[in-house]
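Architecture at a glance
Spelled out, the chains give:
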Amino acid sequence: MMPSSFPQYVTEVITGPMPDPPGVKLKKEGLQAKHPVVFVPGIVTGGLELWEGHSCADGLFRKRLWGGTFGEVYKRPLCWGTYVVDNETGLDPSGVRVRPVTGLVAADYFAPGYFVWAVLIANLARIGYEEKTMYMAAYDWRLSFQNTEVRDQTLSRIKSNIELMVATNGGNKAVIIPHSMGVLYFLHFMKWVEAPAPMGGGGGPDWCAKHIKAVMNIGGPLLGVPKAVSGLFSAEAKDIAVARAIAPGVLDKDLFRIQTLQHIMKMTRTWDSTMSMIPKGGETIWGGLDWSPEEGYVPSKRKQSINDTEDPINTESQSKHVHYGRIISFGKDVAEGDSSEIQRIDFRDAIKGNNVANSTCHDVWTEYHDMGISGIKAVAEYKAYTAADVLDLLHYVAPKNDGTWLPNAPDMEVYSMYGIGIPTERAYVYKQIPALDCYIPFQIDTSADEEDEDRCLKDGFMSAKGWRGKTRFNPSGLKTYVREYDHAPPANLLEGRGTQSGAHVDIMGNFALIEDIMRVAAGATGDELGGDRVSSDIFKWSEKIELPL
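We now turn to the structure provided with this report. Note that this is a predicted model, so its numbers are computed, not measured. (Residues numbered from 1 in each chain as written. Predicted model: local features only at pLDDT ≥ 70, side-chain atom pairs only at ≥ 80, totals over all residues. Heavy atoms only, no water.)

1. Regarding the nonpolar core
Formed by 127 residues in total, the largest nonpolar core has its most connected members in Phe39, Trp117, Ile162, Phe189 and Val379. With 10 residues, helix H8 (residues 181-194) is the single largest residue contributor to this core. Not counting residues within four places of it along the chain, the set of residues in contact with phenylalanine 189 comprises Leu155, Ile158, Lys159, Ile162 and Trp207. Ile420, Ala464, Ile538 and Trp541 belong to the second largest nonpolar core, which has 6 residues in total. (Core = buried A, V, L, I, M, F, W, Y, C linked by side-chain atoms within 4.5 Å. Buried < 20%, exposed > 50% of the residue type's maximum accessible area, 1.4 Å probe, protein only. Helix = DSSP H or I, 4+ residues; strand = E, 2+ residues; numbered from the N terminus. Contact = heavy atoms within 4.5 Å.)

2. Brief notes about the packing of helix H7 (residues 154-167) against H8
Contact pair H7 / H8: the axes reach a minimum separation of 11 Å and the direction vectors enclose 80°. It follows that H7 is roughly perpendicular to H8 by the angle criterion. Facing Thr154, Leu155, Ser156, Ile158, Lys159 and Ile162 of H7, the residues of H8 in contact are Tyr185, Phe186, His188, Phe189, Trp192 and Val193. Partitioning the contact of H7 with H8 into residue classes produces 8 nonpolar, 3 polar and 1 charged. (Axes fitted to C-alpha atoms, helices over the stretch in contact; angles between N-to-C directions. Parallel < 35°, antiparallel > 145°, perpendicular 65-115°, else oblique. Nonpolar A, V, L, I, M, F, W, Y, C, P; charged D, E, K, R; others polar.)

3. What about the sheet that holds strand S12 (residues 413-420)?
A sheet is described by the order of its strands in space; here 6 strands give the open sequence S7-S1-S8-S9-S12-S15, paired in parallel fashion. Edge positions in the sheet fall to strand S7 (134-136) and strand S15 (479-486), since each has one partner strand and no second. Sheet twist, expressed as the mean angle between neighbouring strand axes with direction ignored, is 15°. The pairing of strand S1 (residues 37-40) with S7 spans 3 bridges and is classified as parallel. Each bridged residue has a counterpart across the sheet, and for valine 37 the counterpart in S7 is methionine 134. Contacts from helix H5 (residues 118-126) reach S1, S7 and strand S8 (174-178), with the element oriented near 175° to S1. (Pairing = 2+ DSSP bridges.)

This is the structure:
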């Protein structure tokens, strides 16, 4: 019986009048749909459905295995966990066909009420966009990028759809909007589409110049992300580690014969796409044992409110000596200590021992069960891992398991758009636990992070320096822009996920970001948006990275 406007009424009483959504605001200004837009979702957020499966999945034909309500998944979680990618082929195992959901519904919502692209789509519709001028470039995000073409011809479909949209919209070039891992996927597409057939799309060296006006990357891990390391190493990140600290044993013990983290590790280690997000550039980009580009900077804890008119956040404050270059450290003393005091024993040639696992592991298995006590001990005795070590580490613990060059398109624009003022996982302190039963032998030590809740790294080096001007990564010197959005949490529960969020997915509902996208889609250039929009020290950090350009 509550009027639909009641939550907004209460919010405005508390915080003052709410701003018009970008679609309403820009429609009043007279903006209209012009350039067709293409959305490229990231890992996990795109729906996957079942076309053929095991007997345990009877009745799930064309039902979502990923995304949607997850209703059927809850009823048979162990069956769901069997839908892994074959380690040898990188494709579905024999007798299984899992395929991406198509259309805008593929990633408008991840689950009921949890939007991903829905808010942006609704605002674009306000100025005249519809399905024929919007396209969701859905793909199976579990596979390696090239295997999406081998199995589903996804790259070819994206090429054809962009060509069709440009041809049927008066020749207006497309605006591409990738999010998260979708940024890397579309970088791969731009190299593929210009490469000769049959390995490439055969579009020629000027295909991107002819068909793309701008690429507006949202939260793109262009040089990788440390969270990918912890996910593959121990199937956890800070949120999982905190949950474990709050409720010890729940995730680790076989309370319901589900063995949650072990099943997650077994599944995610078959996703070849995750390797695309491993930190790139080694110690040159991410730092070594004794340095990192952003060391000495501590982000402000001040959060902006809707009516905040203060100066942008100044992240340069008192020096704080944290070794961010040590992406993984075993023990807080190793994370904080002088490198000369760390005694490291190389794990690379260590002999793995006897199998740790036995019949108590039921039907779940991870590579750690084949490492033995000596192999697990060797990993811990290396003490500290930098970006130069993590690939060797992952090959050691999971042995079965593209470049960032822009096309030659001088009139195309590239944007790096991301949130700031929100803690971001940059390095991890681990502890080794007894290798008993079916436990994963390494865990993030949350007790070591109590004083370092502010650690933060802004992802924008490529647009700030690597792609800035004419460089070997940007051969045509196309224009690049950095657009940062200060994070402000919702003022109250009635605001939902907020309209000024800088969080990785919630930023998709950020009014300022949506307005920028809509103005470019309606014909504006980056210079007309005001050029760079930067509050962080990304340019200072970028200058510390000595990469030949």
